[in-house]
Amino acid sequence: MEQKEDKLKEVISHAKEYGFVFPSSEIYDGLAATYDYGQLGSELKNNIKSYWWKSMVQMHENIVGIDSAIFMHPTTWKASGHVDAFNDPLIDNKDSKKRYRADVLLEEHMEKIRLKIEKEVEKGVKRFGDDFDEHQFRATNPNVLRNAEKIKEIEDRMRTSLEANDLEGVYQLIMDCEIVCPVSGSRNWTEVRQFNLMFSTEIGSVSGDAATIYLRPETAQGIFVNFLNVQKSGRMKIPFGIAQIGKAFRNEIVARQFIFRMREFEQMEMQFFCRPGEEMKWYEYWKETRSNWHKALGLGDNQYRFHDHIKLAHYANAACDIEFNFPMGFKELEGIHSRTDFDLKQHEQFSGKKLQYFDPELNQNYVPFVVETSVGLDRMFLAVLSASHKNEVLEDGSERTVLSIPPALAPYKVAIMPLTKKDGLPEKAREIIDGLKFDFLCQYDEKDSIGKRYRRQDAIGTPFSVTVDHETLENNTVTIRDRDTMEQVRVNIADLHRLIDEKVNMKTLLV
Ligand code: GAP
C-alpha cells in the first residue's frame, strides 16, 4: 500500500516538475480537487481527446459529434432524475472530522478481503508450482471460500440497503464490518446521510428557485435533449450515436487522489441510440469495442478489468466499469451503461415534446433505447501518465526516469538538437524543424550536454531525439534516437518524416 502511495506521489511531483499538471490557483494555496493542465499536460490531453474522437466519430459512419452548452434548462435535471437522486451517501468520523462516502468505505473494505484471496492464491502458486490448478484452488480452498462468501454477503447487504435508500442499513453494515476511519482509527461514526452532488448557481439578476441553474454533472443530457435535432438535421438512421467531449462538475464528498476525482473534470461520452430489445447486443458490442480501444495503447492488457455495478443507477438495466490499475489499485476508468429509454421518455414527459424515431423498416414510431460509453478524460490522463512513468537502471549502472507514453499521445513527437551552438548547426536544426513542424510538435533544444538533453526528453516522453552534428552539414544525415530502446541510428534527413510518422501517427492505434 505504502509503495502504491509513493508511486502516486512520484507521478504527482513529476507531473508538476515537467509542466503536465499544476494544483489550481497554487499561489493562493490551491483549491481542493481542482487542477490546471500545463504546457505538456494540455498537449497530452488534446492527444487523448483526438484519439477518442477519431476512434468514435471519424471511424464510425453512424456516429456524429456535438458540443452542447454547460448550462441547461433547470427542468433537464428534474427530468433526468439528478435533482432527486444524484446523491452520494456520506458519513463523518466524529474523531477525525473526516467525511467519507459510505459506499466507498464498504468497497474498500471488500477490496481488502479480495486482496487476501489473491495472497492465498499466490501462496498456492508457490507451494504447488507447475501442478497448481488455480481454478480448482479458488473453488475449494477454505480460506478463499470463506472470504469470497464474506464479500458476497457485504455486496448483497450493501445493494439491498442502497436500493431501498435504507441509510440505517448502510450504517449498520459499516459497524458490522468493523470499518475504522483511516485517519483516526476509530469507529465513532455519524449516521449516514444523502448529499446531492450538483453545483448550483443563479442565472441573470433574479435570485430564488426560479433562477437556479446547475453546472452539468454529466455531458450526456446535452446529447439527449438534442437527440431529434441531430437525428433530423443529420438524417441519422437507427442505430446511431452522438458523441461529445466536455466539462462536467460534481461537488464530490471525497475529492482526493490527484486528478482521479475532481470537482471540475472532463468527460468523453457517446450515446448510442438503438431499437428497443437490441440494447443488450449493443451493450456487449460497446464493452468489447471500448476495451479494445484502451488495450490498443499498449499499457498492458492485464492493467484492465471489468466490474459489474452492484447498485444500478436510476436509469440503467445493465452497467459495468472498465477499471484500470492506477497507482491506488484497480479503479473505475470508464462506465458502460445500458440506459434503456429512461432519459428520452423523461424528457418527453417533462417537455411535452415527442422524442421518437420513425423506423422505416419496422414502419413504426418508438423511443429508442440507449447504450452509453462514458470515460473520464482526466482519468485517462492519469492512467497514461502513471503507467508510462518508469525509473530505470541502465546497463552502465546509471539511472533514468522515462515516460514511455504511447508515441501517438506524446506531447512532443521529436526533439531536434544541434550538437553545438555554433558552426551553422542551430540553423540546420531549425531548417529540419521547418520541414517537420506541420505534422509533428517539435522541440528545439541546444542547452547542456547531449546526454542531459536525452534525459530531459525521456522525462517528458518525447519518442525521438534527433542530433544535428558536423557530418550533417556534409551529407545531410542525422542521428535519431529512440526513447524506449535508446538505440541511435544515422539516417538521411529526407527519411526523418517517414520514420517519425510510422511510429507516432494516430493510425497506429486506430487500425
Ligand atoms: N453519463 C454517465 C456518467 O456520467 P459516471 O460513471 O458517473 O457516468 C463517467 O461517470 C466517467 O466520468 C467515470 O467513469 C469517470 O471516468 C469520470 N468521472 C466521474 N466522476 C469524476 C470525477 N469526480 N473526477 C474525474 N472523473 C470523473
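Computed from a prediction, not measured in an experiment: that's the story for all the values here.

The next subject is the pattern of salt bridges. One pass over the full model with this rule turns up 43 salt bridges. Note that aspartate 341 and lysine 345 form a salt bridge whose closest N and O atoms lie 2.8 Å from each other. The exposure class assigned to lysine 345 is partly exposed, which follows from its relative accessible area of 43%. For aspartate 495, the salt bridge identified is with arginine 498, shortest N-O distance 3.9 Å. Linking aspartate 495 with arginine 498, this pair stays in helix α17 (residues 493-504), spanning three residues, or about one helical turn. On the basis of relative accessible area, aspartate 495 is assigned to the partly exposed category, the value being 29%. Overlapping salt bridges bring together Glu111, Arg114, Glu155, Arg305 and Glu323 as one network.

When two helices pack together, their arrangement is given by the angle between the helix axes and by the axis-to-axis distance. Axis separation between helix α5 (residues 102-128) and helix α7 (residues 142-163) bottoms out at 9 Å; the angle between their running directions is 165°. Here α7 runs roughly antiparallel to α5, going by the angle between their axes. The way α5 lies across α7 gives a crossing that is left-handed. On the side of α5, the interface is formed by Asp103, Leu106, Glu107, His109, Met110, Ile113, Arg114, Lys116, Ile117 and Glu120, while α7 contributes Asn143, Val144, Asn147, Ala148, Lys150, Ile151, Ile154, Glu155, Met158 and Leu162. Taken together, the residues of the contact of α5 with α7 sort by class into ten nonpolar, three polar and seven charged.

What follows covers the domain arrangement of the protein chain. Domains assigned within the protein chain are domain 1 (1-68 + 218-390), domain 2 (87-196) and domain 3 (394-510). Spacing between the C-alpha centres of domain 1 and domain 2 amounts to 27 Å. When domain 1 packs against domain 2, close to 1200 Å² is buried across both sides, 59% of that on carbon and sulfur atoms. A salt bridge links lysine 331 to glutamate 108; the nearest nitrogen and oxygen atoms lie 4.0 Å apart. At the boundary of domain 1 and domain 2, one finds zero residue pairs in polar contact (both at pLDDT 80 or more). When its residues are assigned to classes, the side of domain 1 that touches domain 2 shows four nonpolar, one polar and six charged.

Strand order across the open sheet formed by five strands is β20-β19-β21-β22-β23, with mixed pairing between neighbours. Because the sheet does not close on itself, it has two edges, and the strands there are β20 (442-444) and β23 (488-492). Neighbour-to-neighbour, the strand axes of the sheet open up by a mean angle of 25°, direction not taken into account. Here strand β21 (residues 464-468) runs beside strand β22 (residues 477-482); their pairing, made up of four bridges, is antiparallel. Each residue of the ladder has a partner; that of serine 465, found in β22, is arginine 481. Sitting on the sheet, helix α14 (residues 425-436) touches β19 (414-418), β20, β21 and β22, and the angle it makes with β19 is about 160°.

Once that is clear, we can look at the layout of surface pockets. Once rolled over the atoms, a probe with the size of a water molecule shows which space is left empty. Taken as a whole, the second largest pocket encloses approximately 230 Å³ of empty space. Forming the walls of the second largest pocket are 13 residues, and the residues nearest its centre are Thr76, Val225, His347, Ser351 and Leu355. Broken down by secondary-structure element, the contributors of at least two residues to the lining of the second largest pocket are α3 (75-79), α10 (227-233) and α12 (342-351). Residues that form the lining of the second largest pocket fall into these classes: six nonpolar, six polar and one charged.

Inspection of the secondary structure assignment puts aspartate 156 in helix α7. Looking at aspartate 156, the relative accessible area reads 25%, which means it is partly exposed. Sequence separation of aspartate 156 and phenylalanine 330 is 174 residues, and the distance between their C-alpha atoms is 21 Å. A polar side-chain atom of aspartate 156 sits 2.9 Å from a polar atom in the side chain of arginine 159.

All chains considered together, the criterion is met by 19 aromatic pairs. With a centroid separation of 4.4 Å and an interplanar angle of 10°, the aromatic rings of tyrosine 51 and tryptophan 293 are classed as stacked. Highlighted residues: tyrosine 51 in helix α2 (residues 39-58) and tryptophan 293 in helix α11 (residues 279-295), separated in sequence by 242 residues. Where phenylalanine 272 meets tryptophan 282, the ring centres are 4.8 Å apart and the plane angle is 55°; that geometry is what we call tilted.

Here is what the cut-offs are and how they apply
Residues numbered from 1 in each chain as written. Predicted model: local features only at pLDDT ≥ 70, side-chain atom pairs only at ≥ 80, totals over all residues. Heavy atoms only, no water. Salt bridge = Lys/Arg side-chain N within 4 Å of Asp/Glu carboxyl O. Buried < 20%, exposed > 50% of the residue type's maximum accessible area, 1.4 Å probe, protein only. Helix = DSSP H or I, 4+ residues; strand = E, 2+ residues; numbered from the N terminus. Axes fitted to C-alpha atoms, helices over the stretch in contact; angles between N-to-C directions. Parallel < 35°, antiparallel > 145°, perpendicular 65-115°, else oblique. Left-handed = near helix turned anticlockwise from the far one by under 90°. Contact = heavy atoms within 4.5 Å. Nonpolar A, V, L, I, M, F, W, Y, C, P; charged D, E, K, R; others polar. Domains from an automatic or database assignment. Buried area = accessible area lost by both parts, 1.4 Å probe. Polar contact = N/O pair within 3.5 Å; in protein donor to acceptor, adjacent residues only side chain to side chain. Pairing = 2+ DSSP bridges. 1 Å grid on protein atoms, 1.4 Å probe; cavity = no way out; pocket = protein on both sides within 12 Å on 5 of 7 lines; lining within 4 Å. Points joined across faces, edges and corners; volume = space filled by probe spheres on them. Phe/Tyr/Trp six-rings, centres within 6.5 Å; stacked < 30°, edge-to-face > 60°.

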